[in-house]
Amino acid sequence: MRKGISERTKIGVIFSTPYFVFAIVFFLIPLVWAVWLSTMDWNLMAIEKTWVGLGNYLSAFTSERVQAAFLNTFKYMAVLIPGVTIFATGIAVLLHNLPQSIKGVYSVSFFIPYLTSGVAVSVVVRYFFSYSSVFNTFLRDQLNVDVRWFQDPTPAFFIITGIIIWKISGYYALIILAALESIPKEIHDAAAVDGATGVQGFFRITLPMIVSSYSTVIVLLAGLIFGIFSEPFLLTGGGPNLATTSWYLELYTTSFVKFDSGMGAAIAILNAIQIFITIRLITYVLNKIDYNAR
Amino acid sequence: MKVCNRGRLPGIVLLLITLVLSGGFASGGAEGASGSDLSVDFWTAPNQGQFDFWSAKAEAFNQAGVQVEGKSVYVNVQMMPETPSSEAGIQNALATGVAPAASENINRGFAATLAASGRVYELSDIPEFQAVVQARQMESILPGWAIDGGQYVIPLYANAMGYHWNVQGLKALGFDEDVPRTVAEIRTLITRFYERRQALKEQGISHLFIRPQLLRPEWWWDRWFDFQMQYLAFSEGGDWVSGDRITLDPGITEEVFEYFGMFGQSLQTAEDWTAFEMDTVPVVFQVSAPWDIPKYEAAGKVYGFGGDYVYGPPIVKQALDQPYTFADSKGIVFYKGGNISDLDHQGILAFISWVLTGERGAQTDIDWVKTTGMLPVRGDLLENPAFESIIASNPAYAYQAEVMPYAVPAMAHEKMVDIQTALGEKGLTPYIQSIMNSTSLNPADAAPFVHDAFEAMKREGELR
């Protein structure tokens, strides 16, 4: 005979219902709707909608803008993941070795760039690197160096990545700092007694013990890289020659500037697929590294 | 004591959540409306000045007790959402069924998209529209606003774009009484600029022409104010696109590119938006923005050759050519949507007609200029005595009114953004990058850049 639902199960259902409703309303329904929209030639305004099947996806695959966004994500990762990790580690080690009395103040000061408006920073940077700025005039007149910072793909890309590294390193440094602080002092003392130098101690003791925090940092960073928007939007518009464009920038432009919302939805779905696969790959590799470190 | 039947609890919780999420507890109904009233929404541009202007007009209208089919009409004024853009805000409102009955701040290009989407009313046969056209004497202006032969927009304002000259700089370069008007005069200006560069630097003038937007192809709208303005002047009013055909003349397009190319090193590309408000203006000219007139007045700048700045038309090839130019212009459209009933439409038409016609109409336009610094689209600006005092208050307005008949609004094409982005991205910006170091009055050949731009415009705009 089938047993009735237990009280415990009922209470579980009651408490989990809000989350399920939330997930259905804010994740599942929009996702299904986005998939449906991606099969339409529709600007969200027209009374007539045209079903195009996979047409938007095929257009996206052949679009040089979408291809650039796809490849640029890996370019951004190639620079930002090592860049931020190294800077964040440097900041964390620096903070870790500061006297306790001033550690808090310095931690906050490195965190401030993260709170700074990306818009404000971009405006200042744009002005600083403009052709007629004092900096560029000095380079041309005094050093005979003429760099088109935002017209040449390489410097444009590195200015954007430089801003992002400056902005977020302090935030990730806090995660690494927390890991550093969690290592018992006795372990370092024991290593010192065994004759380990500072550098040996860092690479053979500290780093293996905090490697799992790097997994967190890298996965969070990868997620953030897929969401790059305001810096290229404000500084380069994704140019020159699409060298700095990103998924979100193309998504925004396609959906809300060109009003090609069906294509925008297809770009969003492709973006989600790339995020899913990339994050899975990264976590797989990181888990292997973490396992080997233990 | 038994408070609640446990078996029903999950259902009650679910119901409560559903009610909250669906807004079931939200208070409904528009403010000020009762059963016998008609409440309609009107959206303004996302700036305080225009919001205040329309709010005042709506308040006066609401107090007048105008009725439509026995119901008193109440107009609710809101700013349109600015994020991510006002056009996207309208897109979102139409998609979610919360669009207003009408809004201002719509350019001809976006109106073409709305018209093609079947979301705005065609106005030609509507009596209230005809009354507004008659009251503002806009008969000769309307053809420039037509979209596929129909009228979807009530033109509200038009800024005839041109150049804004620094009088001190002009005089230092030998233009004491008039602005340069032809390509030959611009060549003279550039030649003198390089000859007198050191002396100008000592006066605080470092560059001739400031136009950082030439290096920003993603700011597609700026092609209205540089490329299209000069193309219209060089071609005496030539079209950009007609139907699905690109109608730009490649030869004239090359001339426009090379006109900008002549400036070379004298072009200022730093993004300095306050150059003309400084005590010492560091450049000689920029593209004019008439909406800045109140700002210049606030900065103590005086219009005229005896003062600080003057306006001038776009540069023409020959002295006798007519300086056609781009009209930065926007107007009012009336939306169609499931949430907008025929009665709502009648109500908002009554409001717009009340505001823009009769004796009240001229006062509305005077208030508009005072608030925004932009001239209304009227065919009688220079003849109507009501505008005498405004025109006399600042000669910059007189200049604007004079050139307005030669000002052409944006193209009416659904792919306007793609087309204008392609021109900048594949043609104009790469060309300007190639001449930035030049001091030659005969800059690099623009033909390959124009060729690339045409290919890109055809591809992106699906044009022939």
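These numbers come from a predicted model, not from an experiment. (Residues numbered from 1 in each chain as written. Chains lettered and ligands numbered in written order. Predicted model: local features only at pLDDT ≥ 70, side-chain atom pairs only at ≥ 80, totals over all residues. Heavy atoms only, no water.)

(A) Region of interest: the overall build of chain A. Within chain A, the regular secondary structure consists of 12 helices and 2 strands. Beginning at the N terminus, the succession of helices and strands in chain A can be written as α-β-β-α-α-α-α-α-α-α-α-α-α-α. Against the globule reference of 19 Å for 294 residues, chain A gives a C-alpha radius of gyration of 24 Å, more extended than a compact globule. The C-alpha extent of chain A, read off along each of the three principal axes, is 90 × 75 × 35 Å. Split into buried and exposed, the 294 residues of chain A put 45% on the buried side. Restricting the contact set of chain A to residue pairs at least 6 apart, pairs at least 24 apart contribute 67%. Put simply, chain A shows about 16,000 Å² of open surface, and 70% of that area lies on carbon and sulfur atoms. Here chain A holds 18 positive side-chain charges and 15 negative ones, and the gap between their average locations is 8 Å. (Helix = DSSP H or I, 4+ residues; strand = E, 2+ residues; numbered from the N terminus. Rg over C-alpha atoms; globule rule 2.2 N^0.38 Å. Buried < 20%, exposed > 50% of the residue type's maximum accessible area, 1.4 Å probe, protein only. Contact = heavy atoms within 4.5 Å. Areas by Shrake-Rupley, 256 points an atom, 1.4 Å probe, with all protein chains shown as cover. Lys, Arg positive; Asp, Glu negative; His and termini not counted. Charge placed at Lys NZ, Arg CZ, Asp CG, Glu CD.)

(B) Spatial organisation of helix α3 (residues 86-96) of chain B. The buried count for α3 of chain B comes to 8 of 11 residues, which makes it a mostly enclosed element. Among the residues of α3 of chain B, those classed as buried are Ser86, Glu87, Ala88, Gly89, Ile90, Gln91, Ala93 and Leu94 of chain B.

(C) Quick peek at the environment of valine 219 of chain A. Residue and element names in this part refer to chain A. For valine 219, the position within the fold is in helix α9 (residues 198-226). The partly exposed category is assigned to valine 219, whose relative accessible area is 24%. Sequence spacing of valine 219 and leucine 286 is 67 residues, and the spatial spacing of their C-alpha atoms is 9.0 Å. The residues touching valine 219, leaving out its near neighbours within four places in the chain, are Ile279, Ile282, Thr283 and Leu286.

(D) Spotlight on the domain arrangement of chain B. Residue and element names in this part refer to chain B. According to the domain assignment, chain B contains domain 1 (38-159 + 327-408) and domain 2 (162-326 + 412-461). Using only C-alpha atoms to locate each centre, domain 1 and domain 2 end up separated by 30 Å. Each partner contributes residues to the interface: domain 1 has 24 residues there, and domain 2 has 22 residues. Here domain 1 and domain 2 share an interface that buries about 2,000 Å² over both sides, 64% of which is from carbon and sulfur atoms. Our count for the domain 1 to domain 2 interface comes out at 0 salt bridges. Put simply, domain 1 and domain 2 have 2 residue pairs in polar contact (both at pLDDT 80 or more) between them. Only α4 (108-116), β13 (325-334), α15 (395-403) and β14 (407-408) provide two or more residues apiece to the side of domain 1 that touches domain 2. (Domains from an automatic or database assignment. Buried area = accessible area lost by both parts, 1.4 Å probe. Salt bridge = Lys/Arg side-chain N within 4 Å of Asp/Glu carboxyl O. Polar contact = N/O pair within 3.5 Å; in protein donor to acceptor, adjacent residues only side chain to side chain.)

(E) Examining the pattern of salt bridges more closely. Residues and elements named next belong to chain A. In this structure the tally under the stated criterion is 23 salt bridges over all chains. Between aspartate 146 and arginine 148 there is a salt bridge, with the nearest N and O atoms lying 3.2 Å from each other. Given the relative accessible area of 32%, aspartate 146 is considered partly exposed. Take arginine 148: its relative accessible area is 19%, and that puts it in the buried class.

(F) Highlighting the interface of chain A and chain B. Each side of the interface is counted separately: chain A has 35 residues, and chain B has 41 residues. Each partner contributes to the roughly 3,200 Å² buried at the junction of chain A and chain B, and carbon and sulfur atoms together form 57% of this total. Here chain A and chain B share 3 salt bridges between them. The residue glutamate 64 of chain A makes a salt bridge to lysine 426 of chain B at a minimum N-O spacing of 3.7 Å. The interface formed by chain A and chain B holds 11 residue pairs in polar contact (both at pLDDT 80 or more) in total. With 7 residues, the single largest contributor to the side of chain A that touches chain B is helix α1 (residues 7-37) of chain A. Each residue belonging to the side of chain A that touches chain B can be placed in one class, and the counts come to 18 nonpolar, 9 polar and 8 charged. (Nonpolar A, V, L, I, M, F, W, Y, C, P; charged D, E, K, R; others polar.)

(G) Structural view of a nonpolar patch on the surface. All names here are of chain A. On the surface, Tyr19, Phe20, Phe22, Ile24, Val25, Phe26, Phe27, Leu28, Ile29 and Val32 cluster together to form a nonpolar patch covering roughly 1,000 Å² of accessible area. As for its placement among the helices and strands, tyrosine 19 is situated in helix α1. Judged by relative accessible area, which is 53%, tyrosine 19 ranks as exposed. (Patch = residues over 30% accessible without salt bridge, like charges linked within 9 Å, V, L, I, M, F, W, Y side chains within 5 Å.)

(H) Spotlight on the UniProt feature "domain: ABC transmembrane type-1" (unreviewed entry) in chain A. The sites that carry the UniProt feature "domain: ABC transmembrane type-1" (unreviewed entry) are, in the present numbering, residues 70-282 of chain A. Counted over residues 70-282 of chain A, helix gives 80% and strand 0%. Its end C-alpha atoms are 16 Å apart. (UniProt positions renumbered as here; feature names shortened; annotations may be inferred.)

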